[in-house]
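# Summary of structural features
Given next are the chains, with one letter for each unit.
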Amino acid sequence: MLPKEPLPLQNATNATRNSDIEDNSIKEKNTINRLFGFFGSVKLTVFILSFIAITSVLGTLIKQNAPAEEYLSTYSETIIRIIVLFKLYDIYHAPWFIGAVVVFAINLGVCTFTRFFRKKKGASFSLPDEKTLSNMELSFTLNKDLEGVLLPLIKKSFKKKIYDSDDGLIYEKNPFSKYGVPLIHISIIVILIGSLVGLIWGYKGFVVLHKGDIKEKFLLRGEGTKEMGLGFAIRCKDFNISYYPNGSPKDYVTTVEVIEKGRVILEKDIRVNNPLNYKGLHLYQSSYGVSPLFMFKIDGKEVNLKEHDEYETQGFIMIPIRFDASIHNFGPGVQVAYLDNNGEPKTAWFLRDIPKMKQRNLAGKTVMLEDIKEDLWTGLEVTYDPGVSIVWTGFALLLLGLYINFFVISGRVYIRRLPDALIVAGISIKHKERFRIAFEKIMRGLNGTDPS
Amino acid sequence: MELIHHKILGLATIIYVIILLLHFIYFAFKKEVIFKTIWWVIYINFILHTAGIIFRWIDSYRLDIGHAPLSNLYESLIFFSWCICLMIILMKKRLTYPIITMFSIIGALFFIAYASLSPGVDKGIQPLIPALQSNWLHIHVITCFISYAAFVISFICSILYFVRVDWSIMPDKDTLEEINYKSIMVGFPMLSAGILTGAVWAHYAWGSYWSWDPKETWSLITWIVYALLLHARFVKGWRGNRLALISIIGFFSVMFTYFGVNFLLSGLHSYAV
């Protein structure tokens, strides 16, 4: 993202008020130069950040990734056309939004590079003149002979000497604190790169498991019925929900076994806040549900069917099509579709708790509903995101950068040698108050030795 | 069920009212001793407020559903109020102007009173639902609310910045600007930490460190507003009215992140605040 060699800048990039970037009077502005100037401008930063903020608001006002019917019932035709055109139903993954974030990342990179890392040719620290120094908020004059007392006091907390000449000295406190801002900027770029990696190479999906199920594939999100291999098999050993006395859920636990080549590799309780990590995949406890299991006896033979399971024997076909947990207070029942003797599709209701409605003759077969069992299923979200470790690195760098920038006191002390005295002045841009304390400590140290 | 912590917090609420009245008395008589008293009462009430939170924590263990009181609207309001009080104490050296402490106390009072008095806020201790059973809860909530509290102080200074009354109790504009900026220097890194800890937690709980849930999105918007403010100040050298205005916009964004999202938009954060 960053050019390898420092490029000459045009003046447009010198948006800082106190810009110390040297005046490059470049007459020929080639395209690269202009691009660099464009991407390095603070105006672009303000524009692009405001743009991202405002469009993000839009994303919280328009429901994201809702079913099509919801948009049709909420908005007019024209607005729906706009929503579809700009992908406003999924703003944060719309090409123009990702494009804006990429432009922001480039802008951030160029700005950081030009401001902090471009070597300033011939730039050196210079000592401000007498008037400037004596006008600083923290400043005092000192007897010339006391330089030997002053310097050790300063060196205690201002460890780095950045200027040393006949006319004076400059010492700096915590000079590394100036790397706070570039570190924050770089870490944001790292986070954005990590999220881009996740966006490109990562995927998400879902797997539904009943107790005892073994699955090797999961359903990819947003791609209909497309499935993908896990790379291993998982068996759902158990799924349990526990509740608090007041009835609210306490814990959802799916106990799974990871199986590879027929061998159980590991067993794990997947809980909310405690996913399974295996081979780069994360499996999260995401949802659960109840699906009924219908236990029929067809001509004396036990047949267990789930909803929409098809049962066929000797030309007889039946499918449980609809489950109702309570039909007019008669208890649970199931509607079954079948073909009668003439091949006509018919339906019939079975009620578990009503003896008369438990057993029926369908196309010459005696069908009895013995029981309806509530079969719990657990829904695990499957994610693969190779960018996560990059994002975590970015997070750590960001926290470090924030700490350095906001909580480490920095500042400079200037000492100018005048013919008859020393003038000492200090300045901090970010931490005036706490810097004052450090500066006054020097003054107090001197007061012990200097009655003037 | 009336528990002991309700009584302690009720008393703390009353003392916040007393602190407010003490400010009025100070403005009437301008005696330094009253201002000193105000600070002592603030200290005492902070201890009381802390005790109230600790007792709620203990009460939750008595009910056999022990967890830190940071899990629902009531608890977050109480904690937010506590953070404002904490921020006043931490910034004591700067807050030499009673008008700023007064408005900060009004803020703390507003949130603690809203928690206790609003019929819409359930004061009971609920057990922790599975999504909240994580150690990330504490650090996430603490960093977020400390940042919110810091932004409250920044907001007060920004509003006062626009008040053009030549009154002896009004701090001068430089002081207001300095306090405003200082509180953003605390609020911004804390908000960043709150967003990052939230992202790490979301990775373990929801399967994705960033889901563009409305609360996440609004916290990012808030973060962008304050980032713009810091750059306007340091890069562009903005001062005064314009900076105060951005700070006010930032605070509205904070409040929308906290309340608006919960009341107006639905999302993954709907169980808590």
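The model shown is predicted, which means the values in this text are computed figures rather than measured ones.

## A look at the overall build of chain B
In terms of regular secondary structure, chain B is built from 8 helices and 0 strands. Shown N-terminal to C-terminal, the secondary structure of chain B runs as helices and strands in the order α-α-α-α-α-α-α-α. What you see for chain B is a C-alpha radius of gyration of 19 Å, in line with the 19 Å of a compact globule of 273 residues. Along the first, second and third principal axes, the C-alpha atoms of chain B reach 55 × 45 × 30 Å. The burial tally for chain B puts 64% of its 273 residues in the buried class. Contacts in chain B between residues at least 24 apart in sequence constitute 80% of all its contacts with a sequence separation of at least 6. Considering chain B, the positive charge centre built from 18 side chains and the negative charge centre built from 13 side chains are found 9 Å apart.

## Here we look at the domain arrangement of chain B
All names here are of chain B. Domains assigned within chain B are domain 1 (1-125) and domain 2 (129-273). Taken residue by residue, the interface counts 25 residues in domain 1 and 34 residues in domain 2. Taken over both partners, the interface formed by domain 1 and domain 2 buries close to 2,500 Å², and the fraction arising from carbon and sulfur atoms is 84%. Where domain 1 packs against domain 2, one counts 0 salt bridges. Along the contact surface separating domain 1 from domain 2 lie 3 residue pairs in polar contact (both at pLDDT 80 or more). Within the residue set of the side of domain 1 that touches domain 2, elements represented by two or more residues are helix 3 (73-90) and helix 4 (98-117).

## Brief notes about the side chain of A:Ser187
Summarising the element assignment, A:Ser187 is placed in helix 8 (residues 180-201). With residues up to four places along the chain from it excluded, the contact list for A:Ser187 reads A:Gly394, A:Leu397 and A:Leu398.

## Topic: the nonpolar core
Membership of the largest hydrophobic core comes to 132 residues, with the highest contact counts inside it found for B:Ile42, B:Phe80, B:Ile100 and B:Phe188. In terms of residue count, the dominant contributor to this core is helix 5 (residues 136-162) of chain B (15 residues). Apart from the residues lying within four places of it in its own chain, the contact partners of B:Ile42 are B:Ile19, B:Cys85, B:Ile88, B:Ile89 and B:Ile105. Membership of the second largest hydrophobic core comes to 20 residues, among which are A:Leu153, A:Ile415, A:Leu422 and A:Ile442.

## Topic: the packing of helix 3 of chain B against helix 4 of chain B
All names here are of chain B. Here helix 3 crosses helix 4 at 165°, and the two axes come no closer than 8 Å. In terms of their interaxial angle, helix 3 and helix 4 are classed as roughly antiparallel. Crossing hand, helix 3 versus helix 4: left-handed. Residues Tyr74, Leu77, Ile78, Phe80, Ser81, Ile84 and Ile88 of helix 3 lie in contact with helix 4, whose contacting residues are Thr101, Ser104, Ile105, Gly107, Ala108, Phe111, Ile112, Tyr114, Ala115 and Ser116. In terms of residue class, the contact of helix 3 with helix 4 is made up of 12 nonpolar, 5 polar and no charged.

## Quick word on the sheet that holds strand 13 (residues 316-324) of chain A
All names here are of chain A. Read across the open sheet, the 4 strands follow the order 12-13-14-15; overall the sheet is antiparallel. Only two strands of the sheet have a single partner each, and these edge strands are strand 12 (311-313) and strand 15 (345-351). With strand direction ignored, the average angle separating the axes of adjacent strands in the sheet is 25°. By the bridge criterion, 6 bridges tie strand 13 to strand 14 (residues 333-339) in an arrangement that is antiparallel. Each residue of the ladder has a partner; that of aspartate 324, found in strand 14, is glycine 333.

## Observations concerning the interface of chain A and chain B
If you look at the interface, chain A gives 50 residues, while chain B gives 44 residues. Across the interface of chain A and chain B, roughly 4,100 Å² is buried in total on both sides, 70% from carbon and sulfur atoms. By the criterion of area lost to chain B, the three top residues of chain A are A:Thr60, A:Asn273 and A:Phe406, representing 16% of everything that side buries. Run the count over chain A and chain B and you get 1 salt bridge. For the salt bridge of B:Arg94 with A:Glu433, the shortest nitrogen-to-oxygen distance reads 3.9 Å. The tally of links from chain A across to chain B stands at 10 residue pairs in polar contact (both at pLDDT 80 or more). Sorting the residues of the side of chain A that touches chain B by element identifies helix 2 (42-61), helix 5 (95-117), helix 8, strand 7 (249-260), strand 10 (281-298), strand 17 (365-384), helix 10 (388-407) and helix 11 (432-447) of chain A as the ones contributing at least two each. Tallied by class, residues from the side of chain A that touches chain B come to 26 nonpolar, 14 polar and 10 charged.

## Looking at the sheet that holds strand 18 (residues 411-417) of chain A
Residue and element names in this part refer to chain A. Pairing within the open sheet is antiparallel, and its 5 strands lie in the order 1-19-18-3-2. Sheet topology places strand 1 (138-143) and strand 2 (160-165) at the edges, where each strand pairs with a single neighbour. Averaged over all adjacent pairs, the angle separating strand axes in this sheet is 15°, with direction ignored. In this sheet, strand 19 (residues 421-427) lies alongside strand 1 in antiparallel orientation, the contact comprising 6 bridges. When the bridges of strand 19 are listed, phenylalanine 140 appears paired with valine 424. Where helix 7 (residues 147-157) meets the sheet, its contacts fall on strand 1, strand 3 (168-173), strand 18 and strand 19, and the angle it forms with strand 3 comes to roughly 25°. Each of strand 1, strand 3, strand 18 and strand 19 is contacted by helix 11, which is oriented at about 15° to strand 1, the strand it contacts most.

The rules behind each value
- Residues numbered from 1 in each chain as written.
- Chains lettered and ligands numbered in written order.
- Predicted model: local features only at pLDDT ≥ 70, side-chain atom pairs only at ≥ 80, totals over all residues.
- Heavy atoms only, no water.
- Helix = DSSP H or I, 4+ residues; strand = E, 2+ residues; numbered from the N terminus.
- Rg over C-alpha atoms; globule rule 2.2 N^0.38 Å.
- Buried < 20%, exposed > 50% of the residue type's maximum accessible area, 1.4 Å probe, protein only.
- Contact = heavy atoms within 4.5 Å.
- Lys, Arg positive; Asp, Glu negative; His and termini not counted.
- Charge placed at Lys NZ, Arg CZ, Asp CG, Glu CD.
- Domains from an automatic or database assignment.
- Buried area = accessible area lost by both parts, 1.4 Å probe.
- Salt bridge = Lys/Arg side-chain N within 4 Å of Asp/Glu carboxyl O.
- Polar contact = N/O pair within 3.5 Å; in protein donor to acceptor, adjacent residues only side chain to side chain.
- Core = buried A, V, L, I, M, F, W, Y, C linked by side-chain atoms within 4.5 Å.
- Axes fitted to C-alpha atoms, helices over the stretch in contact; angles between N-to-C directions.
- Parallel < 35°, antiparallel > 145°, perpendicular 65-115°, else oblique.
- Left-handed = near helix turned anticlockwise from the far one by under 90°.
- Nonpolar A, V, L, I, M, F, W, Y, C, P; charged D, E, K, R; others polar.
- Pairing = 2+ DSSP bridges.

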